[in-house]
Amino acid sequence: MSLADNKCVPCRGGVPPVPADRAQALLTELGRGWSINTQGHLERLYTFKDFAQALAFVNKVGAVAEAEGHHPDFYLAWGKCKVEIWTHKINGLTESDFYLAAKADREFEPFRTVAA
Ligand SMILES: C[C@H](O)[C@H](O)[C@H]1CNC2=NC(N)=NC(=O)C2=N1
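Residues numbered from 1 in each chain as written. Predicted model: local features only at pLDDT ≥ 70, side-chain atom pairs only at ≥ 80, totals over all residues. Heavy atoms only, no water.

The name given to the protein in an unreviewed UniProt entry is Putative pterin-4-alpha-carbinolamine dehydratase, with the source organism recorded as Nitrospira moscoviensis. We quote the UniProt Sequence similarities (unreviewed entry) comment for the protein here in full: "Belongs to the pterin-4-alpha-carbinolamine dehydratase family." As recorded by UniProt, the Catalytic activity (unreviewed entry) comment attached to the protein reads in full: "(4aS,6R)-4a-hydroxy-L-erythro-5,6,7,8-tetrahydrobiopterin = (6R)-L-erythro-6,7-dihydrobiopterin + H2O". (UniProt positions renumbered as here; feature names shortened; annotations may be inferred.)

Structure, rendered in structure tokens:
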């Protein structure tokens, strides 16, 4: 079962953040593109051929987030979208954040442009 097949667990606070070693293992399992930024959040920049494609991606991931009850932050611009994920309730990382990141990667596949 891949990370993306896991169901996000809506966070009600009081849940401990994932331990640092587990976070690193999950980051490795996520594969290329994701990092843990200076705020301790998961972050990835996706690029697209234009604004319409980037917007369509945001709508796809937004629908997944609504279904999962776990949401990313999006920075949307022409040809790019930065996705930032963390568990707001605890201002830290939980397993659900990594599941959501993997689900975002799955939604990106149809938009992936073959490198020129
Ligand atoms: C009530 C609702 O389920 C909660 O506010 C959810 C919504 N989506 C969420 N998304 C994220 N990333 N973190 C949260 O803590 C969170 N909480």
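Q: What is the right way to read helix α2 (residues 51–68) from this model?
A: For α2, spanning 18 residues, the distance from its first C-alpha to its last is 26 Å, which sits close to the expected 26 Å at 1.5 Å a residue. Inspection of α2 places Ala54, Phe57, Val58, Val61, Val64, Ala65 and Glu68 among the buried residues, and these make up the whole buried set. For α2, the angular spread of the buried residues around the axis is 125 degrees, confining them to a single face. Turned more than 90 degrees away from the buried face of α2 sit Asn59, Glu66 and Ala67, all of them exposed. Structurally, α2 contributes buried residues whose contacts are with β2 (42–47), β3 (73–77), β4 (80–85) and α3 (95–108). The N-cap of α2, judged by a side-chain oxygen 3.2 Å from the amide nitrogen of alanine 52 a few residues on, is aspartate 50. A positive phi of about 70 degrees marks glycine 69, the residue just after α2. (Helix = DSSP H or I, 4+ residues; strand = E, 2+ residues; numbered from the N terminus. Expected span 1.5 Å × (residues − 1). Buried < 20%, exposed > 50% of the residue type's maximum accessible area, 1.4 Å probe, protein only. Arc of directions from axis to C-beta. Contact = heavy atoms within 4.5 Å. Polar contact = N/O pair within 3.5 Å; in protein donor to acceptor, adjacent residues only side chain to side chain.)

Q: Explain the packing of α2 against α3 here, please?
A: Packed helices, taken two at a time, are described by the angle between their axes plus the distance between the axes. Taken N-terminus to C-terminus, the directions of α2 and α3 make an angle of 145 degrees; their axes are 10 Å apart at the nearest point. The handedness of the crossing between α2 and α3 comes out as right-handed. On α3, the residues touching Phe57, Lys60, Val61, Val64, Ala65 and Glu68 of α2 are Leu100, Lys103, Ala104, Glu107 and Phe108. Its residues assigned to classes, the contact of α2 with α3 comprises seven nonpolar, no polar and four charged. (Axes fitted to C-alpha atoms, helices over the stretch in contact; angles between N-to-C directions. Left-handed = near helix turned anticlockwise from the far one by under 90°. Nonpolar A, V, L, I, M, F, W, Y, C, P; charged D, E, K, R; others polar.)

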